[in-house]
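Listed below, chain by chain, are the residues.
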Amino acid sequence: MGGRTLYDKVWDAHVVREYDDGTSLLYIDRHLVQEVSSPQAFEGLKDSGRRLRRPQAHISVADHAVPTLHRGRPLAPGLAASQVQRLRENSARYEIPYIPMRDRRHGIVHVIGPELGFTLPGATLVCGDSHTCTHGAFGALAFGIGSSECESVFATQTLRQRKQKRMRVLLQGALPDGVTVKDMILALIAKIGTGGGNGHAIEYAGSTIGYLSQEARMTLCNMSIEAGSRVGMIAPDETTIAYVKGRPLAPAGEMWERAVAEWRSLPSDPDAVFDRQVDIDVSALVPHVSWGTTPQETLPVTASVPDPALESDPARRTRMERSIAYMGLTPGMPLTQIPIDRVFIGSCTNGRIEDLRLAAAVVRGRKVAGRVTAIVVPGSATVRVQAEEEGLDRVFREAGFEWRDAGCSMCVAMNDDRLSEGERCASTSNRNFEGRQGIGGRTHLMSPEMAAAAAIAGHLADIREVR
Amino acid sequence: MESFTRLTSAAAPLPEADIDTDIIFPARFLLLLDRKGLGKHAFHERRHRKDGVPFVLDIPPWTGARILVTQANFGTGSSREHAVWALADFGIRCVIAESFGEIFYANCFKNGTLPVVARGEEHAAIMSEAQAGREITVDLPTQSVVLASGRSIGFDIEPHRKRSLLLGLDEIGSILADDEPEIAAFENRHRGARPWLFLSKGQLAYFADTIEELG
Ligand code: SF4
């Protein structure tokens, strides 16, 4: 028998029991609770009269529906206010720590989990949100679940699961100038497709990982779900351990030493076997942007809008035609000639301090193009405060960006931040689905640097030429 | 949970890949707190197009269809279980596709909805029956999709999921009834081996000074 992978090790350490059919009951260490997926789960718990098994395993925060303006005022009465209030009430009722909107610890679940030290290597962590794979950047087994599964975690602290196959994405080489992890993950999705990781737990490995900060690793793992996989992990190393150390909820003292000793044993064994491997030569990558309505419809920024007439597969041709029509594009048009109306810098993919630094460096001393409305939404209050301490808010404001409070904002358009029909947005988020940023809105996914470059140029632009 | 055994109905054809959960249930309706009555929002944008082109579920004979036949990667994207609740409330209890988004797939089973994977020629045969407006039967006990011609196409399903659907079992209830002692024993061992994974009251006092929420 070969050695074990990182995924195997964390999985094995959490199996409560195995059933006859090969599924396992998996113990869940940590659960992040947000306002959208939890009301029905709490309701189920209440209706069945069950108790919440372990309140100390959960933290709750409202991130999806919250406004990013006027944080100092009460929420206007309405659906969003009711949803936030429901989360607050449920948290109080079941004695789960709740982080209010105006609190210094508020933010998007996938940004604050790591900031707080709630996210730890070797832990199982879930959330009723598909981008929970973000936390895999710490070597946690982290995955998104539905509301019914949230209820299972509330009541039993377990989930019945079947083990996934293992897939390794081997990233080799240093990042060329102007290329970020966002381009790496977009390139991977373009290569294997949005269903490419289906049934597999991804592990990102290879020499590139060593060059990446912990924050960049989160961006990488974040979009594993767009590659079809609920799980995307990276083995913890010194970068990871340094990031976790001293965080408010991280272990300390003797407990820290014990934890670190275990974390160092988590990386995949040299003889571990993967069911599938995908290789990416990072040193040959160029910046990427999406042109269509699924993340796999992504191309190097130097390319042109594809021509369906050249596509021989009829199903793919139809799909391509549909995307081009929705996006209002012309086949053969260079991507860098696509004009934009809006820019969104933020989300759990690219709303961290490093992302804002990269974007600020591009816009410093420049102006947002006349026709463009651009906003920056920090991923958390902590990120916002740090950015303000570094003067990044001024850089953005002087360039003509709006500087907002933390939340999901225009990534999902559940608050007032959304595109109007036909508007086109350069966005650092993770999904370019039809209507994702507002009914009839058109989304182009890209890195923070590329979004900043687009804001200045007024059209999609190659960061390597803008700098 | 409502049980699922056998379903005979017209099958609505949706010959498109990558139908994501934002299309099935647009995000702005996620503000609703209830899981009931969401059917009216299913495929909202597709059902209310400006150009008036009707959606397949609004065209006879598919208006009352309880089965949907679509292509690869159905339910990709967001984890929102609302997508399944809305489909079920609309009347769709079975989706046949070449593949599914993983979270959507898991969510189906929690709500008495059967996702069926069919590929290649078999998928094409089912799709063409759907497009012809003929009824098909989905039979869970024999794990087969039966076409009007009598042709039967088998499908796979995890045994425990099949059982849950057939009996309308509540999985949480089963875990609590059957596995509680093992969970407790595991929890003890786990706490001994990895105590740092268990936050103490002292650690959680970190949140003692959170400010009041407004309004
Ligand atoms: S930022 Fe976007 S992707 Fe991330 S949790 Fe919020 S809505 Fe989901």
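Below or above, wherever it landed, is the structure these notes cover.

Rules used in this analysis
Residues numbered from 1 in each chain as written. Chains lettered and ligands numbered in written order. Predicted model: local features only at pLDDT ≥ 70, side-chain atom pairs only at ≥ 80, totals over all residues. Heavy atoms only, no water. Helix = DSSP H or I, 4+ residues; strand = E, 2+ residues; numbered from the N terminus. Rg over C-alpha atoms; globule rule 2.2 N^0.38 Å. Buried < 20%, exposed > 50% of the residue type's maximum accessible area, 1.4 Å probe, protein only. Contact = heavy atoms within 4.5 Å. Lys, Arg positive; Asp, Glu negative; His and termini not counted. Charge placed at Lys NZ, Arg CZ, Asp CG, Glu CD. Phe/Tyr/Trp six-rings, centres within 6.5 Å; stacked < 30°, edge-to-face > 60°. Near = heavy atom within 4 Å. 1 Å grid on protein atoms, 1.4 Å probe; cavity = no way out; pocket = protein on both sides within 12 Å on 5 of 7 lines; lining within 4 Å. Sits in = over half its atoms within 2 Å of the grid points. Nonpolar A, V, L, I, M, F, W, Y, C, P; charged D, E, K, R; others polar. Axes fitted to C-alpha atoms, helices over the stretch in contact; angles between N-to-C directions. Parallel < 35°, antiparallel > 145°, perpendicular 65-115°, else oblique. Left-handed = near helix turned anticlockwise from the far one by under 90°.

Quick word on the overall build of chain A
If you tally the helices and strands in chain A, you get 17 helices and 19 strands. Against the 2.2 N^0.38 benchmark of 23 Å for 467 residues, chain A shows a C-alpha radius of gyration of 22 Å, consistent with a compact globule. When its C-alpha atoms are laid out on the principal axes, chain A stretches across 55 × 55 × 45 Å. A burial count over chain A gives 69% of its 467 residues as buried. Taking the intrachain contacts of chain A between residues at least 6 apart in sequence as the baseline, contacts between residues at least 24 apart amount to 76%. Each charge class in chain A can be summarised by its mean position, and for the 54 positive and 55 negative side chains these summaries are 3 Å apart.

Comments concerning the packing of aromatic side chains
Describing an aromatic ring pair means giving the distance of the ring centres and the angle of the ring planes. All names here are of chain A. What the rule picks out here adds up to 17 aromatic pairs over all chains. When the centroid spacing of 4.5 Å and the interplanar angle of 25° are considered together, the rings of Phe-42 and Phe-154 count as stacked. Of the two residues, Phe-42 sits in helix α2 (residues 39–48) while Phe-154 sits in helix α5 (residues 147–156), which places them 112 residues apart along the sequence. Like Phe-154, Phe-42 is buried. The interplanar angle of 65° and the centroid separation of 5.4 Å between the aromatic rings of Phe-138 and Tyr-243 together place this pair among those described as edge-to-face. Within this pair, whereas Phe-138 is found in the loop between β6 (124–127) and β7 (141–144), its partner Tyr-243 is found in helix α9 (residues 238–244), the two being separated by 105 residues in sequence.

Considering the site of the ligand
Residues and elements named next belong to chain A. The environment of the ligand is formed by His-64, Ile-108, His-110, Asp-129, His-131, Ser-347, Cys-348, Cys-408, Cys-411, Val-412, Asn-430 and Arg-436. Put simply, the ligand lies in the largest cavity. Each residue belonging to the shell around the ligand can be placed in one class, and the counts come to five nonpolar, five polar and two charged.

Looking at the packing of helix α6 (residues 181–192) of chain A against helix α8 (residues 214–222) of chain A
All names here are of chain A. Relative orientation of the contacting elements α6 and α8 amounts to 20°, with a least axis distance of 9 Å. By the angle between their directions, the pair α6 and α8 is classed as roughly parallel. Note that α6 runs across α8; the crossing there is right-handed. In this structure, α6 uses Val-181, Lys-182, Met-184 and Ile-185 to contact α8, whose residues at the interface are Ala-216, Thr-219 and Leu-220.

Such coordinate-based values are descriptive only and should not be taken to indicate function.
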